[in-house]
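Results of the structural survey
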Amino acid sequence: MKVPLNWLRDYVDLSGIAVPQLVERLTLAGLEVAAVRSVGLPVPEGVRAKASEAGPVWAPEKVVVGRVVKVEKHPNADKLKLVTADYGAGEPKVVVTGAPNVSIGDSGYKVILGLTGTVYWDGHVSPKKLSELKPTKLRGVPSDSMVMSEFELGISEEHEGVIVLGEDEAPAPGTAAADFMGDFVIEIDVLPNMARCLSMIGVAREVAALFGRQLTLPPHTMQAGGPSIEGQVRVEIEDPKLSARYAAALLRGGSVKPAPAWMRQRLTYAGMRPISNLVDVTNYVMLEWGQPLHAFDYDKLVARAGGKAPTITVRPARAGEVMTTLDNVKRELTTDNLVIADGAGPVAIAGVMGGADTEVSAATQNILLESANFHFVSVRRTMKELNLPSEASARFSKGIHPEMVKPAAERAAELMRMHGGATICKGLVDCYPAPLPPQTIALTMAEVRRQLGMDFPIAEATRILRALQFTVEAAGSETLRVTTPPHRIDIQAGSADLIEELARVHGYDRLPATLLADQLPEQHTNRPLEFEERLRDILVNCGLQEVITYALTEPERDAPVGLGEGKYVELLNPISSERRAMRHSVLGGVLEVAIANLRHTDEVRLFEIGSVYLGKEGQKLPDEPRRLALLLTGRSQPEFWGDGAGVTVKSLDFFDIKGVVEALAGELHLAGVTYHTASAAYLHPGRSAYLVIDRSVERSAEQLVINRAVVGAFGQLHPRYADKLGLGGRLVLAGEFDLDAVLAALPPRCPYSPVPRFPPALRDVAVIVDEGVPAERIAAEIRTAGGDLLRDVRLFDLYRGESIPPGKKSLAYALTYQAEDRTLTDNEVDRAHKKIEDRLRQVLQAMIRGKE
């Protein structure tokens, strides 16, 4: 909402209120001022000006009012004219201009004259820039001044003509333009709960309450000199739930012409383009009262009714109905669209846009003025369906009180009479089948004190509520009976909304900070949050970057990846077909980000921590387990200046992503971590693995039972799936992990051992096994046989060659033996080492290299 302060002054006295002070108080009261635009005036200190709309400052002695004495033809150019203008000092100025709205022979009207030294927007260069006016010759005629356009003064983008003011619409020649056209425009981000402030009067009401000023409403009575409206038009409402009220006024004998300069100026500053007096009046009243209006050509309605008095009906559109809107687009309507119709069909889409068949034109003489109230959901749905946003639909879609219909209609009709020469027919056709009653709420000061945490005087509460135009009556020493005003539909039954008004106007910044009067509860660690923050630190240290992706996806794209299962939770009203279901996989979104980034780079290393949503039969709400997704692709080492043409750059491979997983397991002190061959459909079957964690150990009389859990899968993306995603030819490593399972496996504390006092003994063992035996299996058997003396097992060599039989491989492990209480003898180490070799022979049918 753009609010010109000179317009706001019509309704509330702003004297003594500095612009920065006004901005601060409005923002603290819930009307956040996004920016302040200065029109011709210096920006006050402490105000955040809107850079994109910053314009030149009009020097009072250089940008002045000029009265056109005569307009003559330029002697040396057909398209140029010489304007002689009196500017109240010395000889009149002769100015060269090519403005199309200045004609040879004109005189009497007023313009804005820029004298030498004027700073203005120069539109003859791209991009536009501020320039200073200097004396020059234009086709041989000296010119040291300029007739200014709105564009050059920074008022709007209009540059087709200069500013033209009527003889009586501007002060005397020589008056500084800044004195009567300079203004500040505050731009307010109006939230839905403050929709009543999408009007000048709404903002003025807030300012009056905040600063203790008197609110002055504009007159809204009609001087009706025509015949009665009765019998000239009828109004019917089929469903009062969709349209609570519809009023119509009839004006005869008007003429279409430009609106007065002051109205055009205010509309321009408020962000609307002036068109004609009839259209401008409806827009002006909409901005003033917050009630949109629409003007029909009454004669066209009569013609559609076969020469009889038209009947206006507010109803849902019928299936298959079509109409051409004001933008000359033929639209097919549905039964969800509320329309204004006559006997021949729809003439407007309620609250959204009028129809071309009854449009006001330059030939219009008789006007049917509509002021109505429509259900906000109906307007919002139609606006989105037809993609027709407008100032009117923006207001209707947030809700307007039906009581605004009548004063807005009367105000607009009177302005059309004053500035269009129309005669108003007596009375309004006002169809209001179910008036909305005001609410009366009992407000106790005890409840005010309880919610605000401070002693709030009843006199102050009464003052604030009355300033906001609530009716307040005493109902006891500590209770007020409060009745809502006719412009408020946001006050619900109960005192909470009233207390919010008290706090807002009193000032949130003035509410005291109070501590709890009770003992603080025992503090508990948020273990899941700390766990995820630890994960982020580890992964960032591994060189990965975190991303956050959409939780909404489409099942076809999401289903092939991840650990999800169960049914998808689908939206009834999705924003797009690609965002219609809650995700089962976090990895799907990370893949989308990677694909987008790989258009611009050759390397990405990403991770995301987030929830997935798994629908369950018989449950209203889905399960929301947490997941971790990893994705890596690119070269394993950064570019190096010494890399020659023959150097092969190694790409990231399976062992790089396994290294990240191992780093996670190590830093989290996870015990019993193993890796098994994975069978995930989206991963390469020979280059992927499941991460398995021993979650708990159970002992029975016969055996030791270890509960293992698969907590994730990782590896190279399957080539067929990579091709489908457009990643063909690129080695992509990905994985997804169940963080709830990992968290459950975390040890409650991290044990440690003292630094050994006695030296270790080192041995190597090389075994020949079948090609299909995993290295992890061999290491597990070594640990089992090694017992307490074996401290570490490390694979350091893999060999296939001449001395190794076909279908076999040689794996060499470095073993560390160590005791806590003594130095191990050679005999002890030899016995332990032989025990390991014997187990490998018996369990895995392995051969020990160098001994067989």
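Residues numbered from 1 in each chain as written. Predicted model: local features only at pLDDT ≥ 70, side-chain atom pairs only at ≥ 80, totals over all residues. Heavy atoms only, no water.

Looking only at helices and strands, the chain has 22 helices and 42 strands in total. Here the chain has a C-alpha radius of gyration of 40 Å; the compact-globule value for 852 residues is 29 Å, and the former is much larger. For the chain, the spread of C-alpha atoms along the principal axes amounts to about 120 × 80 × 60 Å. Within the chain, the proportion of its 852 residues that are buried is 48%. The long-range share in the chain, meaning contacts at least 24 apart out of those at least 6 apart in sequence, stands at 68%. As displayed, the chain offers around 42,400 Å² of accessible surface, 51% of which is attributable to carbon and sulfur atoms. Counting 96 positive and 110 negative side-chain charges, the chain places the centres of these two groups 1 Å from one another. (Helix = DSSP H or I, 4+ residues; strand = E, 2+ residues; numbered from the N terminus. Rg over C-alpha atoms; globule rule 2.2 N^0.38 Å. Buried < 20%, exposed > 50% of the residue type's maximum accessible area, 1.4 Å probe, protein only. Contact = heavy atoms within 4.5 Å. Areas by Shrake-Rupley, 256 points an atom, 1.4 Å probe, with all protein chains shown as cover. Lys, Arg positive; Asp, Glu negative; His and termini not counted. Charge placed at Lys NZ, Arg CZ, Asp CG, Glu CD.)

Moving on, we come to the pairing of strand β18 (residues 311-316). Pairing geometry for strand β15 (residues 234-237) and β18, over four bridges, is parallel. If you follow I237 over to β18, its bridge partner there is V314. Direction of pairing for β18 relative to strand β21 (residues 338-342): antiparallel, over a ladder of four bridges. Residue pairing in the sheet places R315 in a bridge with V339 of β21. (Pairing = 2+ DSSP bridges.)

A few words on the sheet that holds strand β29 (residues 479-483). The antiparallel open sheet is built from three strands, whose spatial order is β27-β29-β28. Bordering the open sheet on either side are β27 (440-444) and β28 (471-474), each of which pairs with just one other strand. Averaged over all pairs of adjacent strands, the angle between strand axes in this sheet comes to 25°, irrespective of strand direction. Inspection of the sheet shows β28 paired to β29 by four bridges, in the antiparallel sense. By the bridge assignment, A474 is partnered in β29 with L480. Helix-sheet contacts for helix α13 (residues 458-467) involve β27, β28 and β29, and the interaxial angle to β29 is about 5°. (Axes fitted to C-alpha atoms, helices over the stretch in contact; angles between N-to-C directions.)

Let's shift gears to the packing of helix α2 (residues 19-28) against helix α5 (residues 200-211). Packed helix pairs are specified by the crossing angle of their axes together with the interaxial distance, meaning the distance between the axes. With their axes 11 Å apart at the nearest point, α2 and α5 run at an angle of 100° to one another. As the angle between them shows, α2 and α5 are arranged roughly perpendicular. Of α5, the residues touching α2 (which contributes Q21, L22, R25 and L26) are V207, L210 and F211. Among the residues forming the contact of α2 with α5, the class breakdown is five nonpolar, one polar and one charged. (Parallel < 35°, antiparallel > 145°, perpendicular 65-115°, else oblique. Nonpolar A, V, L, I, M, F, W, Y, C, P; charged D, E, K, R; others polar.)

The next point concerns empty space enclosed by the protein. Counted by the stated rule, this structure contains two cavities of 30 Å³ or more. For the largest cavity, the calculated volume is near 90 Å³. Listed by contribution, the elements that provide at least two residues to the lining of the largest cavity are α18 (654-667) and α20 (739-745). With three residues, α18 is the single largest residue contributor to the lining of the largest cavity. Grouping the constituent residues of the lining of the largest cavity by class yields 11 nonpolar, no polar and no charged. (1 Å grid on protein atoms, 1.4 Å probe; cavity = no way out; pocket = protein on both sides within 12 Å on 5 of 7 lines; lining within 4 Å. Points joined across faces, edges and corners; volume = space filled by probe spheres on them.)

This brings us to the packing of helix α21 (residues 775-786) against helix α22 (residues 826-844). Orientation of α21 relative to α22, taken along the N-to-C sense of each, is 130°, at an axis distance of 9 Å. Taken together, the axes of α21 and α22 lie oblique to each other. Handedness of the crossing formed by α21 with α22: right-handed. Between α21 and α22, the contacting residues are R777, I778, E781, I782, T784, A785 and G786 on the first element and K835, I836, R839, L840, V843 and L844 on the second. Broken down by class, the residue content of the contact of α21 with α22 amounts to seven nonpolar, two polar and four charged. (Left-handed = near helix turned anticlockwise from the far one by under 90°.)

Core analysis: the largest hydrophobic core is formed by 121 residues, its most contacted members being L8, I186, Y246 and I340. Among the elements that make up this core, the one with the highest residue count is α5 (nine residues). The residues contacting I340, other than those within four sequence positions of it, are Y246, F296, I312, T313, V314, G345, P346, V347, A348, A350, E370 and F374. (Core = buried A, V, L, I, M, F, W, Y, C linked by side-chain atoms within 4.5 Å.)

Locating A496 in the fold gives a position in helix α14 (residues 496-506). Classification of A496 by relative accessible area gives partly exposed; the value is 44%. Each C-alpha atom of the pair A496 and A209 lies 19 Å from the other, and the pair is 287 residues apart in sequence.

Within the chain, R139 stands out as a residue other than glycine whose phi angle is a positive 55°. Looking at R139, the relative accessible area reads 53%, which means it is exposed. Positive phi values are uncommon outside glycine, yet N387 reaches one of about 55°. Residue position: N387 is located in the loop between α9 (376-386) and α10 (391-396).

What follows covers the side chain of E288. Tracing the chain through its elements places E288 in helix α7 (residues 277-289). Only 2.8 Å separates the side chain of E288 from the side chain of R411, close enough to count as a polar contact. Those residues in contact with E288 that sit more than four places away from it in its chain are W7, Y11, S199, M200, I201, P218 and R411. (Polar contact = N/O pair within 3.5 Å; in protein donor to acceptor, adjacent residues only side chain to side chain.)

Next up on the list: the side chain of H833. Structurally, H833 can be placed in helix α22. A distance of 3.4 Å separates a polar side-chain atom of H833 from the backbone oxygen of D764. A distance of 2.9 Å separates a polar atom in the side chain of H833 from a polar atom in the side chain of Y817. Filtering out sequence-adjacent residues up to four positions away, H833 remains in contact with R763, D764, V765, L815 and Y817.

Turning our attention to the packing of aromatic side chains. The description of an aromatic ring pair uses the distance of the two centres, along with the angle that the planes make with each other. All chains considered together, the criterion is met by seven aromatic pairs. Ring centres of W262 and Y284 lie 5.5 Å apart, and the angle between their planes is 85°; on these two criteria the pair is classed as edge-to-face. A residue pair is termed long-range when its members are at least 10 positions apart, and W262 in helix α6 (residues 261-269) and Y284 in helix α7 qualify at 22 residues. With relative accessibility at 35%, the residue W262 sits in the partly exposed group. According to the relative accessible area criterion, Y284 is buried, its value standing at 1%. (Phe/Tyr/Trp six-rings, centres within 6.5 Å; stacked < 30°, edge-to-face > 60°.)

A complete count under the given rule lists 59 salt bridges for this structure. For the salt bridge of D327 with R331, the shortest nitrogen-to-oxygen distance reads 2.6 Å. Judged by its relative accessible area of 32%, D327 is partly exposed. For R331, a relative accessible area of 12% corresponds to the buried category. Overlapping salt bridges, with partners in common, bring together R196, E206, R488, D490, E501 and R504 in one network. (Salt bridge = Lys/Arg side-chain N within 4 Å of Asp/Glu carboxyl O.)

So, about the sheet that holds strand β1 (residues 2-4). Across the sheet, three strands lie side by side as β1-β13-β2; this open sheet has antiparallel pairing. The open sheet has two edge strands with one neighbour each: β1 and β2 (32-39). The mean angle between the axes of side-by-side strands here comes to 25°, regardless of whether they run parallel or antiparallel. Bridge count for β1 against strand β13 (residues 183-189) is three bridges, and the pairing is antiparallel. Paired with P4 across the bridge in β13 is V185. Relative to β2, α2 is tilted by about 155°, and along the sheet it contacts β2 and β13.

Function-wise, these values are silent; they only describe arrangement.
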